[in-house]
Amino acid sequence: MKIILILLSIIARSTQLTLSDCGTEARRPQVSDIAVQCGTASIGLAIQICPVIYTGYNDTLLILNHMLDLPCRATLDESVSPPVARFNFPLNMTHACGSTFRTSSAAGTGIFSDFSNVQTVNISGVIRSVDPTTGAITYNAELKYYYSCAYPLEYLINNTQIDVSASSIAIKDNNGSFISTLSMELFKDANYTRPMAIPQLGIELRTNVYVEVKATNLTGQYNVLLDRCYASVSALPTNSSYFNLFVPCSKDRFTTMVENGDSQSARFRFPAFRFIEQQNETVSTYYLHCITRLCEISTCSTFKQCSKRRKRSSLDTSVDGISKTYTITSTEIITKADTNESKEKPLVAEEEEDSAVGLGVAVGILAFACIIALSVSAVFYKRLRT
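Predicted, not measured: the structure shown is a model, and the values here were computed from it.

Engineer: It is not clear to me how the state of the cysteines should be interpreted in this structure. Could you clarify?
Structural biologist: Structurally, a disulfide amounts to a covalent bond that connects the sulfur atoms of two cysteines. Taken as a whole and judged by the stated rule, the model has 5 disulfides. Disulfide partner of C22: C50, at an S-S distance of 2.2 Å. Between C22 and C50, the disulfide has an S-S torsion of -90 degrees and is therefore left-handed. Taken together, the residues C22 in helix 2 (residues 19-22) and C50 in helix 3 (residues 49-55) connect sequence positions 28 residues apart. Side by side, C22 and C50 carry an identical accessibility label, which is buried. In this model, C72 is linked to C97 through a disulfide, with the two sulfur atoms separated by 2.1 Å. Judged by the sign of its S-S torsion, about -90 degrees, the cystine formed by C72 and C97 is left-handed. Of this pair, C72 sits in the loop between strand 3 (62-64) and strand 4 (75-77) while C97 sits in the loop between strand 5 (84-90) and strand 6 (100-106), and the two are 25 residues apart along the sequence. The class of C72 is buried, set by a relative accessible area of 6%. Assessed through its relative accessible area of 5%, C97 is described here as buried.

Engineer: Explain the packing of aromatic side chains to me, please; I cannot follow it from the model alone.
Structural biologist: The description of two aromatic rings rests on the distance between their centres and on the angle between their planes. Applying the stated criterion across every chain yields a total of 13 aromatic pairs. With a centroid separation of 5.9 Å and an interplanar angle of 50 degrees, the aromatic rings of F178 and Y222 are classed as tilted. Pair noted here: F178 is in the loop between strand 10 (166-168) and strand 11 (182-187) and Y222 is in strand 13 (residues 222-232), with a separation of 44 residues, a long-range link. The exposure class assigned to Y222 is buried, which follows from its relative accessible area of 1%. Judged by centre distance (5.6 Å) and plane angle (65 degrees), the ring pair of F275 and Y286 falls under edge-to-face. Taken as a pair, F275 in the loop between strand 17 (265-271) and strand 18 (283-296) and Y286 in strand 18 lie far apart in primary sequence, 11 residues in all. Neither F275 nor Y286 differs from the other in exposure class; each is buried. What links up through ring pairs into an aromatic cluster is the set F243, F246, F268, F270, F273, F275 and Y286. Positioned above the aromatic ring of Y230 is the side chain of R228, whose terminal nitrogen or guanidinium carbon lies 3.8 Å from the ring centre.

Engineer: I tried to follow the pattern of salt bridges on my own but got confused; where do I start?
Structural biologist: Pairs can form between side chains of opposite charge once their charged atoms are near each other. Scanning the entire structure with this criterion turns up 6 salt bridges. When the shortest N-O distance is used, the salt bridge between E154 and R293 registers 3.1 Å. Taken together, the positions of E154 in strand 9 (residues 154-159) and R293 in strand 18 put the pair 139 residues apart, joining distant regions of the chain. With a relative accessible area of 3%, E154 lands in the buried category. Overall, the relative accessible area of 1% leaves R293 in the buried class. A salt bridge links R267 to E212, with the shortest nitrogen-to-oxygen separation between them at 2.8 Å. Taken together, the residues R267 in strand 17 and E212 in strand 12 (residues 208-215) connect sequence positions 55 residues apart. Its relative accessible area of 23% is what places R267 among the partly exposed residues.

Each value, and the rule that gives it
Residues numbered from 1 in each chain as written. Predicted model: local features only at pLDDT ≥ 70, side-chain atom pairs only at ≥ 80, totals over all residues. Heavy atoms only, no water. Disulfide = S-S within 2.5 Å. Helix = DSSP H or I, 4+ residues; strand = E, 2+ residues; numbered from the N terminus. Buried < 20%, exposed > 50% of the residue type's maximum accessible area, 1.4 Å probe, protein only. Phe/Tyr/Trp six-rings, centres within 6.5 Å; stacked < 30°, edge-to-face > 60°. Lys NZ or Arg CZ within 6 Å of the ring centre and 35° of its normal. Salt bridge = Lys/Arg side-chain N within 4 Å of Asp/Glu carboxyl O.

So yeah, pure geometry; function would need other evidence.
Laid out in structure tokens, this is it:
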């Protein structure tokens, strides 16, 4: 009874559409009357209001998960055609207007096929109509609008052709994805404050490359955990050489993990290297890729345990596996490489110097021989005169 009284007071203060305002949009409700926008920071719901009015209700009588709090109430939007009642609530377990959060796990597929525990969080709920009728009977059918958003928590961040300070992309959120909150940036200092700009001729071998993968505008219940990062000579690792910087439970001896799974930033560093197959090229160019997990804060520690994850033994290069992931792309990583030309220059210069010395010695010997010959000729000439 208290709920009905509150609703009646809200109705009295609000401006409502009528059936005559709806025109041809006045009809029986359909399953397609609700639209769900699965955003990175919030979920938006839009319900066509004219079928609601046709059934005997209005926007004030649509209640989200039994929540009467003002932030959880509908807002009538007449700027669109047909008009809708809008709900919007944040992706936060404590302020999601009664939505249910369920995290499920399944074996990975495609690019994640070697991971036995890939998580997805499902956020769901229902909008119900409240009948203001106070008598023993009613002629109004009950309305129920169910919504659900599924967010995968494992992503491939594909940093290609890195020679700029940072890169990130924005993606439409109607499919329910957090990838647009993730970005990768390279730094040249241990404090991760000075972005690395790679010159055209590349960086020196063994130069420390500091990598940060972070989430921006992501709901606070998730941390960033890097499952695997690797370099490849191709922008997309299809049938190309690759090198694992680290995989679950194993890392290259020159890779140092700085922070992983403890906050909304993950950091590591590695010394610049080159691929041997590019030894005849002026520079060595390769690309950095990271498989990134968003883990709930309470569960991140379990994914750091080797028993929970399989060590990756091979690289899935199927086209389907790669095309089903979102990628963040920047430009290439370039390292300087010794060339045949640079090696030969000192040798050429040395040969020219030796030739010049040899020629000088030969000229000196010839001049000395000429002097002796002239001296002998002068002696013989004097003897003949006498």
